[in-house]
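# Residue-level structure breakdown
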Amino acid sequence: MKCLCPLILIFLLVSCAGVRVDYDYDKSTNFNNYASYNYFSDVETGLSELDERRLLRALDSTLQAKGFLLAEEPDFYINILSSEFRNSPNNAVGVGIGGTGRNVGGGISVGLPLGNSGIQRQIQFDFVDAQKNALFWQATAESGYRENASPSVREDRLRALVKKVFSKFPPGN
């Protein structure tokens, strides 16, 4: 019992702080055909200007480490979309009082939410073939977001998000 409580606490902390990523891609795509990338000229990420620069720096360093080159006439373009939303707590504790006696019944119930609602950020990465103008890979990442975080914390969170998103790109690696 002594080691069960710390284990549950660690599990709760880890599950709340992570980045969730969903992937989708065209199975018929040969990812070896892609060597260079660039961003759509009219990309509007939905991030602040500073966060957008942090994200693009992290993305550039990650893709270049995987052997992709930033080029004027690329093999594929990248589009980035983001949104923020407030996550409502989904756990509650019900407290009830009731009683019966001689044809009389009654009850009171109160629901108490557990945890607080937090701001979540969703960032979607779309990779579009430059020749076909067709989407061939997409990833959507969702993670917690603090508006009042320091610049270094914001950069670290974005770098961790990019690292997790691109850990499985290209598929099959």
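The following paragraphs examine the structure supplied in this document. What you are looking at is a predicted structure, and each value in this text was computed from that prediction instead of being measured.

## Some points on the side chain of Thr-29
- Mapped onto the elements of the fold, Thr-29 is located in the loop between β1 (20-25) and β2 (36-39).
- By relative accessible area, Thr-29 is classed as buried at 16%.
- The residues contacting Thr-29, other than those within four sequence positions of it, are Tyr-34 and Phe-136.

## As for helix α3 (residues 151-165)
- Under the 1.5 Å per step criterion, the end-to-end length of α3 is 21 Å for 15 residues, consistent within 8% with the ideal 21 Å.
- Taken together, the buried positions of α3 are occupied by Arg-154, Leu-158, Leu-161, Val-162 and Val-165. Taken around the axis of α3, the buried residues stretch over an arc of 95°, which confines them to a single face. Turned more than 90 degrees from where α3 packs its buried face, Asp-156 and Lys-163 sit exposed.

## With respect to the environment of Pro-170
- Tracing the backbone through its elements, the reader meets Pro-170 in the segment after α3.
- Taking the C-alpha atoms as reference points, Pro-170 and Tyr-34, separated by 136 residues in sequence, lie 9.8 Å from one another.

## Some remarks on the nonpolar core
- Counting residues in each nonpolar core, the largest one holds 29 residues, and the members touching the most others are Phe-125, Trp-137 and Phe-166.
- Elements that contribute at least two residues to this core include exactly β2, α2 (49-65), β4 (76-87), β7 (118-129), β8 (134-144) and α3.
- Discounting chain neighbours no more than four positions away, the residues touching Phe-125 are Leu-55, Leu-59, Asn-79, Ile-80, Trp-137, Gln-138, Ala-139, Leu-161, Val-165 and Phe-166.

## Remarks on the pattern of salt bridges
- If you walk through the whole model with that rule in mind, you get 8 salt bridges.
- Linking Arg-20 and Glu-142 is a salt bridge whose minimum nitrogen-to-oxygen distance equals 3.7 Å. One end of the pair, Arg-20, is in strand β1; the other, Glu-142, is in strand β8, with 122 residues separating them in the sequence.
- Residue class for Glu-142 comes out buried when judged on its relative accessible area of 18%.
- Between Asp-51 and Arg-121 there is a salt bridge, with the nearest N and O atoms lying 3.8 Å from each other.

## Quick word on the pairing of β8
- One ladder, built from 6 bridges, connects β1 with β8; its direction is antiparallel. For Asp-22, the partnering residue across the bridge sits in β8 and is Thr-140.

## Some details on the packing of α2 against α3
- Where α2 meets α3, the closest approach of the two axes is 9 Å, and the angle between their N-to-C directions is 40°. By the criterion of interaxial angle, the relationship of α2 to α3 is oblique. The handedness of the crossing between α2 and α3 is right-handed. Seen from α2, the contacting residues are Asp-51, Arg-54, Leu-55, Arg-57, Ala-58, Leu-59, Ser-61 and Thr-62; seen from α3, they are Pro-151, Arg-154, Glu-155, Leu-158, Arg-159 and Val-162.
- In the contact of α2 with α3, the residues fall into 6 nonpolar, 2 polar and 6 charged.

## Concerning α2
- For α2, with 17 residues, the first-to-last C-alpha span of 24 Å sits near the 24 Å given by 1.5 Å per residue.
- Taken residue by residue, α2 has Asp-51, Arg-54, Leu-55, Ala-58, Leu-59, Asp-60 and Leu-63 as its buried positions.
- In the stretch just after α2, Gly-67 is the one whose phi turns positive, near 100°.

## A look at the environment of Gly-18
- Here Gly-18 lies in the loop between α1 (4-17) and β1.
- A relative accessible area of 39% means that Gly-18 is categorised as partly exposed.
- Taking the C-alpha atoms as reference points, Gly-18 and Gly-144, 126 residues apart in sequence, are found 7.8 Å from one another.

Criteria and thresholds
Residues numbered from 1 in each chain as written. Predicted model: local features only at pLDDT ≥ 70, side-chain atom pairs only at ≥ 80, totals over all residues. Heavy atoms only, no water. Helix = DSSP H or I, 4+ residues; strand = E, 2+ residues; numbered from the N terminus. Buried < 20%, exposed > 50% of the residue type's maximum accessible area, 1.4 Å probe, protein only. Contact = heavy atoms within 4.5 Å. Expected span 1.5 Å × (residues − 1). Arc of directions from axis to C-beta. Core = buried A, V, L, I, M, F, W, Y, C linked by side-chain atoms within 4.5 Å. Salt bridge = Lys/Arg side-chain N within 4 Å of Asp/Glu carboxyl O. Pairing = 2+ DSSP bridges. Axes fitted to C-alpha atoms, helices over the stretch in contact; angles between N-to-C directions. Parallel < 35°, antiparallel > 145°, perpendicular 65-115°, else oblique. Left-handed = near helix turned anticlockwise from the far one by under 90°. Nonpolar A, V, L, I, M, F, W, Y, C, P; charged D, E, K, R; others polar.

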